[in-house]
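A closer look at the structure
Residues per chain are reported as follows:
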Amino acid sequence: MEFALSPEMERLRREIRAFVAEEILPLESDPASFDDHENIRLDLVKDLQTKAKAAGLWSLQMPKARGGQGLPVVGMAACYEEMGRSIFGPVCFNSAAPDDGNMMVLEKIGTAAQKERWLQPIVDGEVRSSFVMTEPHPGGGSDPGMIQTFAEKRGDRWVIEGRKWYITGAGLAQHFILIARTNPDRSDTRKHLSAFLFDRDQPGWRIERRIPIMGPEEHGGHCELQFDGLEIPDENRLMEVGDGLKLTQMRLGTARLTHCMRWLGMAKRALEIASDYVQERQGFGVRLSERESVQGLLGHAAMQIEIGRLLTMRAAAKLDSGDFARKEVSMAKIQVADTLQQAVDTAIQLCGARGYSKDTPLEWMYRYARQARLVDGASEVHRMVLSRFLMKDGQNFFAWDEAEA
């Protein structure tokens, strides 16, 4: 289990860290940098994206032939963590959700024509994208078997009826990946879903509302969508009919882990802010950093972050080896989601009133962090997944990887 980065990965990591420090972090302290939804203004994003492209720090997760950097998942883990040091970071490198997950799955399973039409504009930063799966009750949330939105085949086209919600980025997206039921037999829970591509400008669907959330929001918000006869040509179907669940698992495996990578960067930034503060702030004659209670809080948070990093790197290495890494990704997702909220909460506590104010990004991080235990599968679902592996594998759940002879 080797965690050393290659020279190329380390070079990119250092360059991203410098770019974040010099170009992005200064914008966080200026209220004029924020849009109405508490994210970085889109005109600033465009300027930073142009600079990131020129610096060779663009779309790290994509092959070099497509204009990316061709990093393996392990390399992405190190670099995404550096991007996540800024609340504005990932989108500036075209490595923000949901675009990064959509790009990776389209690169993996799309046909040549589909990649040219639907993928390349996302890689180039010309359009944004969205993944349309979750539904309001009684539809599918963490359980895709409950999906109600239906796609009916009529000739060479699929007609979509149904409702989706909490669709991240839908307000700005041009390209969409839609997961819909194509098998009316509800007893079939493995081959009942299919995946489709559609464009914002196609008729037969609409955005009902941008759902208000605790915030801050992703660009394009979290939207509720209504489908009333959207027609999708069969050529825009992804994989085979009935492979929608398979595609979803392929996409969410790596996408869950890239969330962890970014969240680790944010958790580290929270401790960075707190550490700077307690080394300056005095109370009752001593610096706060000299108090054992403060040291205990910082030390525990730092340890939890490092545990999350190790779990994330372990899962990344498994993915790079061709393994689905479902068990490893679930463990990382649970650990890092909990750690993010705990680390930010610790930082606010140590910074006191300053942490609770908007003078630092900590309160922004705190509200953002609460979603981590819900998105891409609630923590309870991931614990259930781990329990199933334990029941099935027994002591092999804890098996070591074996080196090749």
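In this report, the structure presented in the accompanying data block is examined. The numbering scheme is per chain: residues are counted from 1 as the chain's sequence reads. Local features in a predicted model are, by the rule used here, given only for residues with pLDDT of at least 70; side-chain atom pairs are given and counted only at 80 or more, and totals for whole chains, interfaces and linings are based on all residues. Just so you know, side-chain values use all the structure's heavy atoms and leave hydrogens and water out.

**Quick notes on the packing of aromatic side chains**
- Whether two aromatic rings pair depends on their centres lying within 6.5 Å, for rings of Phe, Tyr and Trp, where Trp uses its six-membered ring; planes under 30 degrees apart make the pair stacked, over 60 edge-to-face, and the rest tilted. One pass over the structure, following the stated rule, counts 10 aromatic pairs.
- Note on F176 and W205: the rings are 5.2 Å apart at their centroids and 65° apart in plane angle, and the pair reads as edge-to-face. With F176 in strand β4 (residues 175-181) and W205 in strand β6 (residues 205-210), this pair connects stretches of sequence that are 29 residues apart.
- Working definition: with a 1.4 Å probe on protein chains only, accessible area under 20% of the residue-type maximum means buried, over 50% means exposed, and in between means partly exposed. By relative accessible area, F176 is classed as buried at 1%.
- Looking at W205, the relative accessible area reads 13%, which means it is buried.
- Ring-pair connections join several aromatic residues into one group, and the members of that group are F176, F198, W205 and F227. A run of H or I in DSSP counts as a helix once it spans at least four residues, and a run of E counts as a strand once it spans at least two, with each numbered from the N terminus.

**Thoughts on the pattern of salt bridges**
- Throughout this description, the term salt bridge denotes a Lys or Arg side-chain nitrogen within 4 Å of a carboxyl oxygen of Asp or Glu. Considering all chains together, one arrives at 41 salt bridges under this definition.
- One salt bridge connects R13 with E10, and the closest N-O pair in it is separated by 2.8 Å. One end of the pair, R13, and the other, E10, are both in helix α1 (residues 7-28), three residues apart, so they sit about a helical turn from each other.
- Since its relative accessible area comes to 19%, R13 is described here as buried.
- In this structure E10 comes out as partly exposed when scored by relative accessible area, which is 22%.
- Note that K358 is salt-bridged to E363, the shortest N-O span being 3.0 Å.
- By relative accessible area, which is 60% here, K358 ends up exposed.
- Ionic contacts of the salt-bridge type, sharing partners, join the residues R163, R206, E208, R209, E224 and D228 into one network.

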